[in-house]
Amino acid sequence: MTSVLYDAQGPRAKRRNVLYTAVFLVTLAALVWWLYTSLDDKGQLAWALWKPFFGSEAYTTYIWPGLQNTLKAAALAMVIALPLGAVFGIARLSDHVWVRVPATVVVEFFRAIPVLVLMIFGNELYSQYTNVSSDDRPLYAVVTGLVLYNASVLAEIVRAGILALPKGQSEAAMAIGLRKGQVMRLILLPQAVTAMLPAIVSQLVVVVKDTALGGAVLTFPELLASANTMSGYYGANTIASFTAVAVIFVAVNFSLTSFASWLEGRLRRRKKSTGAVLGAEDTVDIAGHAGAGTAA
């Protein structure tokens, strides 16, 4: 028995897959057991180390302020980087060399530099040439580095999303007299947004995680940096502190991807035809208008 996409497995292949699955499950169980016993032998599973995370003090004092700073930096960076990336992505598609070439240079330059280096340069820039206070400087530097890097990445996402559309879309729009700016604004961008949405949200997840670089290097008090403070306050429970922070990161990023999937499906459903049926009178009217336009 065969399928359109693949050949159905025979008895030997099924037995082999069952064997591979059993070996994998046994190996996974052995790995989990080894990890558990190793942590237990080191005393890392003691209730005293995990007890603080089942109360409110750890969350209100350490985790919640760090999460606020993480979300604040990520939101500011994405709000600035998204329109900036769209502008540079569209500029790279321009017919004018004096627009296309500088946009390409800027995008390729900042996309090639690690985001941590951009944060460090931003911190030194604000320190040497601005009056930004030392308390606000880490936030400014983190947001600057995230904006420069992610705007370049988003520019490539926008450009790829527009180029992925059939060329007939642009040709048909120009055939009815639309200018290139109108074609981009009315025809291409609305269709490309749906296709680009998963990649944009994936980049937002990267932005949320990259805020941790500012905490590691620039003393930015974000979520991951709060784990070090908690670990020292609660008796060097490093594994428990970082586990709690990791769970929160997973929850935040999973919420973002789930929201993106829901929004993408909603946008696709809205763009489907309503299936409206034209009556005979409407058909006659359309034909009459078309004939009058041809005669004119």
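Higher on the page you've got the structure.
Residues numbered from 1 in each chain as written. Predicted model: local features only at pLDDT ≥ 70, side-chain atom pairs only at ≥ 80, totals over all residues. Heavy atoms only, no water.

Student: Tell me about unusual backbone geometry, and name the residues and values.
Tutor: Located in the positive-phi region is T219, a residue other than glycine, with phi close to 55°. Inspection of the secondary structure assignment puts T219 in the loop between α8 (180–217) and α9 (223–233). Taking the relative accessible area as the measure of exposure, T219 reaches 63% and is therefore exposed. (Helix = DSSP H or I, 4+ residues; strand = E, 2+ residues; numbered from the N terminus. Buried < 20%, exposed > 50% of the residue type's maximum accessible area, 1.4 Å probe, protein only.)

Student: Which residues make up the nonpolar core, and what values go with them?
Tutor: Core analysis: the biggest nonpolar cluster contains 47 residues, and F53, V142, L146, I162, L223 and M230 have the highest contact counts within it. Elements represented by at least two residues in this core include exactly α3 (57–91), α5 (115–129), α6 (137–163), α8, α9 and α10 (238–270). Residue contributions to this core peak at 12 residues, all from α6. Not counting the four nearest positions on each side in its chain, I162 is found in contact with I90, L93, M184, L188, L189 and A192. (Core = buried A, V, L, I, M, F, W, Y, C linked by side-chain atoms within 4.5 Å. Contact = heavy atoms within 4.5 Å.)

Student: Describe the pattern of salt bridges, listing the residues and the values that go with them.
Tutor: The final tally for this structure, using the stated rule, is 4 salt bridges. Linking R92 and E108 is a salt bridge whose minimum nitrogen-to-oxygen distance equals 3.3 Å. A residue pair is termed long-range when its members are at least 10 positions apart, and R92 in the loop between α3 and α4 (97–112) and E108 in helix α4 qualify at 16 residues. Salt-bridge contacts for E156 lead to R92; the nearest nitrogen and oxygen are separated by 2.3 Å. One end of the pair, E156, is in helix α6; the other, R92, is in the loop between α3 and α4, with 64 residues separating them in the sequence. Residues joined by salt bridges that share partners form a network here, namely R92, E108, R111, E156 and R159. (Salt bridge = Lys/Arg side-chain N within 4 Å of Asp/Glu carboxyl O.)

Student: Outline α5, supporting the account with residue identities and numerical values.
Tutor: In a regular helix each residue adds 1.5 Å, so 15 residues correspond to 21 Å; α5 covers 21 Å between its end C-alpha atoms and thus fits that length. Among the residues making up α5, those that are buried are V115, L118, M119, G122, N123 and Y126. Take α5 and look down its axis: the buried residues cluster within an arc of 140°, on one side only. Among the exposed residues of α5, those pointing more than 90 degrees away from its buried face are F121, Q128 and Y129. Structurally, α5 contributes buried residues whose contacts are with α4, α6 and α8. (Expected span 1.5 Å × (residues − 1). Arc of directions from axis to C-beta.)

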